[in-house]
Each structure stands twice: as C-alpha cells, then as structure tokens.
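Breakdown of the fold
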Amino acid sequence: MFIKSKKSIVIIITCLFYTVVQAQQSFVEMYNLPQYDCEMKVLRELKKTNIVIPDDSTVVWVNARRFEGLLSRMGVEVSIKTESQLQKGDLDGNLFIVGPIIDYSDWNRFGIPIEKLSNGFKIGNFSFQDPLHGFSFVSPHGTSPVRIVFSGNTFEAYERIANNPQFGFEYVVLNNAAPEFIGNGSHTFDLKALKESLYAPAKSKYYVFMLSKNLTLEELGKINDDELKKYDNHIETFVTKIELNLPENTIKSYIHASQEEIKYMSGFFGALCGGTVHGYVTGDEIHTWNWVGEYIEHEVNHQIFNQQVHKMAPTFLLEGIQTWYEYTVSAEKKESGFQRALEFADEDLTDVILGRANFFQGDKYYQISGILVDYLIDTYGLNKFKELYRCDTHDLLSGTGFETIYGKPLSEILVEYKKWLLPMVDKSGTGS
Ligand SMILES: [Zn+2]
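Residues numbered from 1 in each chain as written. Predicted model: local features only at pLDDT ≥ 70, side-chain atom pairs only at ≥ 80, totals over all residues.

**Some details on the overall build of the chain**
Basically, it comes down to this: Secondary structure is summarised from DSSP: a helix means a run of H or I of at least four residues, a strand means a run of E of at least two, and numbering begins at the N terminus for each. The atom set for the radius of gyration is the C-alpha atoms, and the globule formula is 2.2 Å times the number of residues raised to the power 0.38. To assign burial, the other C-beta atoms lying within 10 Å of each residue's own C-beta are counted, with C-beta atoms placed from the backbone; 20 or more indicates buried, 12 or fewer indicates exposed, and intermediate counts indicate partly exposed. This entry defines residue contacts through backbone-placed C-beta atoms, with two residues in contact when those atoms are within 7 Å.
When helices and strands are tallied, the chain shows 17 helices and 18 strands. A globule of 432 residues ought to have a C-alpha radius of gyration of about 22 Å, and the chain, at 22 Å, matches this closely. Burial statistics for the chain: of 432 residues in total, 41% are counted as buried. The long-range fraction of contacts in the chain, counting pairs at least 24 apart against all pairs at least 6 apart in sequence, stands at 66%.

Structure, rendered in structure tokens:
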C-alpha cells in the first residue's frame, strides 16, 4: 500500500550497481546535492507517536488513517489526535503532523524549523506561496522528540506529498508534485533553479523537450525535426484510440542524462536506493532517461490519460490501461500478455489490484493488468472503464469503486474474468 502510494509511473529493471554508484558521485558532486537516507533511520527507530490532524477535517482524517496503518504495521504505537486534543505533555513526545498548514491554529508550538506564513511557508530564506506547494519534514536522526510532517498550502498540495511520502531528506518541497527544493539541515538545494539552468528546450507541436546539457553528443544526435514529429504523431494515434482529446497545454518532457539526474530531478527519490528508472510522471512533467522513444511514449500516454480522466488512480489501473493500449498496437505483445495471464490464472489478484501487494515485480503485473483491463473493456466498454478510473482513489483502493461502477464486487468480477480468460486463450490458439 505504501509502496503503491508512490503512484509510481515507472519501469524498474535490474540494478546496474556500478554504473549507478559512479553516476551518483559525479552528479551529487557536480551540484553538491544532499544525500538521501536510504535507511530512513528516523522512521525505522520510531517507537511511539501521535498523528496530529487539524480540527474538523474529515478528509485529512481519512488520509491519516493510512499513515496510522503504515506505522502500526511497522510496530509503532500510534494514535490520532486533532490539534485541540493535544495535551501539553504530547508536545514533549513524538508528533507525526499531517494536513494543510493553513488549517493549524498554533503551528509554532510544534517546534519545526518551517515558518508558517499567512499564505504559505518558509524554509530558511526560501518562501513557498503557490497553492500547490507542499512539503515534508523529517527531523534529523538522533534528535528528540521526533517530528515528521506532511503538509502544504492547500489540501491538494498536502495530498500530493502524502501520496508520495519521502523520509530520506529532512526537507522536500514539491509544487504540483514536481520537486523544487530538498535539504538536510543547512545543506539545502534549489532544484527548481537547477531545472532552469541544466536543460535546453526543443519544441514540437505538442511537446517541449527539456534536454539535459549533460547528454552525450550521441544522444543529442538522435534528435531532429523528423524525430520530433514521430512523437507528435504518436500522441494523435493514442488519443484517437483511447477516445480522448488532444492535449491543450504543451507537455514538458525532461530528458535526463544519467540515473542520478532522473532520480533527483523527477523527485523519485526512493529510487536513489537502488533500481533503474526509465520513466516517471510527476505532476505535469514527464521524466525519462536518454532519448528512448518507448519510454517517452509510455510516460506521455500516462500523462494524457491521467490529465483527462483522473490524476491519482491506483497503479494496477494506471499501468493496466497503458498496457491495454500497447496491446492494441502490438498483437505480439498481447499474445505474450495472454500467456502470462493464463500462467497466473489461479492467482488471487485482489491485493495487487487494491495496492496491498507490490505491483512492480518485473513485468508480470504490467502484462496481467493489461489483460484484465482488456477483459473490462471487452465486456463493459471503454467508457465504463473511464468511469471506474474516475472514482475517488480511496474507493478504488477499498474496492467499492468496482461495485459502484460495475454493479458487482471485485471478487465476482475476478471470477468472471477467469471464465473469460480461459476460453479466450484457447480461441487465440495459445492454450496449453
Ligand atoms: Zn507506466
């Protein structure tokens, strides 16, 4: 669930350890970037905490229950209190504070080095006042009492950071889910400024590609007008097939030169601890590594679908519709997907669909989710699937969204999917 809640739109393949370490040193040294604490010591050593929410906020409370679940599964003794339920003694203990900063009436007493402004917040000399500015704060390892904070200028800003919580830097500031600022103690770094200086734009009809100045000449040599046109054509094919509109705004697509670059600049910080990130969508930005058509197209499909249908769908549906599209353009891929789905026909998919089990296990669930979405679209239509996708994230993760849209519980849908799957494979001549 917690891994899922990263909303990771990402392909993780094997860890090229040597390359990763080498690149990390050079990129971190080049820009003097703070180190991410992969051990998440503060979180791991937490024994007991109150989760604090603002008074009168049902939505934050629902959200806080997820953190409560996470912490209790980690063995932390935890209870939820509203701001006004806090006793004086509670301030001497650990606090896990969630919800929009504006909703707190006495912020200063928490003793967090982030100042509340009338319309935002301030870290050192940096002020953040956009409605979609959100932040996380994790007190330095070894300090007591512990403060862990997920907040922002609006509920939307808070929700974006709460859905992608970071524990490895003391400070993380996102704007519409895109990272702008990170830091440990006084070692802070303005990622937004680096985004403005490190990348040069290349425009096409629908895109502005932001090309890293660290890209090799070989990579840059792949990019010309004909090449850019291919990506515009892809968008036109995709929206036709998936029955959506052409994008209204230019799509900002960062092309990074190294693994460390994509991990720091996209805000997929968790990957700094291992793995290879090929692509990631964050807020309105697409991030890929080197000039690889497959990755750019994969991420832009996510971006367009999410922009027009729903931004925060669970991973299974998010990757499922993407893989379904890939199946519509490649019979070979679809064939391979059927084989995979058949191989695991007896597996109960409930947990992975509801985000309780890890989706990212090689390409297994990419393939299977595409087939299950194919079943849903084949049986109930593309529009019904979009209605499902539009459901509140919480309803999708609890399973009630399926019942609301399809009129039957997920368990029944899965039984019918299996009945559909087995003869389908036989029909396509691939049954064993
Ligand atoms: Zn994806």
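**Points about the sheet that holds strand β15 (residues 251-256)**
To keep it simple, the criterion reads: Any two strands with at least two DSSP bridges between them are considered paired. Between the N-to-C directions of two axes lies an angle of 0 to 180 degrees, each axis being a line fitted to C-alpha atoms and, for a helix, fitted only over the stretch in contact.
With mixed pairing, the five strands of this open sheet are ordered in space as β13-β14-β15-β18-β17. Two strands lie at the open edges of the sheet, namely β13 (199-203) and β17 (279-282), each paired on one side alone. Strand-to-strand twist across the sheet, computed as the mean angle between neighbouring axes with direction ignored, equals 25 degrees. With five bridges joining them, strand β14 (residues 207-212) and β15 adopt parallel strand pairing. Bridging across to β15, Leu211 finds its partner in Ile255. Relative to strand β18 (residues 285-289), helix α8 (residues 259-266) is tilted by about 165 degrees, and along the sheet it contacts β14, β15, β17 and β18.

**Thoughts on the nonpolar core**
Here is the rule we go by: Each nonpolar core consists of buried Ala, Val, Leu, Ile, Met, Phe, Trp, Tyr and Cys residues. Their C-beta atoms, within 7 Å, join them into a set.
The biggest cluster of nonpolar side chains holds 105 residues, and the ones touching the most others in it are Ile51, Phe96, Val98, Tyr171, Ile321 and Leu372. Apart from residues no more than four positions distant in its own chain, Ile51 is found in contact with Ala64, Phe67, Glu68, Val78, Ile80, Phe96 and Val98.

**Looking at the sheet that holds strand β7 (residues 126-128)**
The three strands lie next to each other as β5-β6-β7, forming an open sheet whose pairing is antiparallel. A single partner strand is all that each edge strand has here, and the edge strands are β5 (115-117) and β7. Direction aside, neighbouring strands of the sheet carry axes that sit 25 degrees apart on average. In the sheet, strand β6 (residues 120-123) pairs with β7 via three bridges, with the strands oriented antiparallel. For Lys122, the partnering residue across the bridge sits in β7 and is Ser127.

**Overview of the domain arrangement of the chain**
Convention followed: Marked domain ranges trace back to an automatic or database domain assignment.
Here the domain parsing of the chain yields domain 1 (9-19 + 194-308), domain 2 (39-167) and domain 3 (315-427). Averaged C-alpha coordinates put domain 1 and domain 2 at centres separated by 32 Å.

**Some thoughts on the confidence of the model for the chain**
Low pLDDT means the predicted coordinates in that region are not meant to be read closely. Condition: One confidence number per residue, pLDDT, is output by the predictor and ranges from 0 to 100.
Per-residue pLDDT for the chain has a mean of 89; in total, 92% of the residues score no lower than 70. Low pLDDT, under 50, characterises residues 1-24; the predicted model gives this stretch 44 contacts beyond four residues in sequence or across chains.

**A few points about the pairing of strand β11 (residues 178-184)**
Of all the seven residues making up β11, six are buried; the element is thus mostly covered by neighbouring parts of the structure. Pairing of strand β10 (residues 171-175) with β11, which is carried by five bridges, proceeds in the antiparallel orientation. Within the sheet, the bridge partner assigned to Val173 lies in β11 and is Phe181. Between the antiparallel neighbours β10 and β11 lie two residues, among them Asn176 with a positive phi of about 50 degrees. Sheet analysis places β11 next to strand β12 (residues 187-190), joined by four bridges and oriented antiparallel. From the neighbouring strand, Gly183 faces β12, where its bridge partner is Thr188.

**A word on the pairing of β6**
Each regular strand displays side chains that alternate between the two surfaces of the sheet. Across three bridges, β5 lies against β6 in antiparallel orientation. In the sheet register, Leu117 faces β6, and the bridge partner there is Gly120. Counted between consecutive antiparallel strands, the loop separating β5 from β6 contains two residues. Hairpin connection between β6 and β7: a loop of two residues separates the two successive antiparallel strands, and Gly124 in this loop has a positive phi of roughly 55 degrees.

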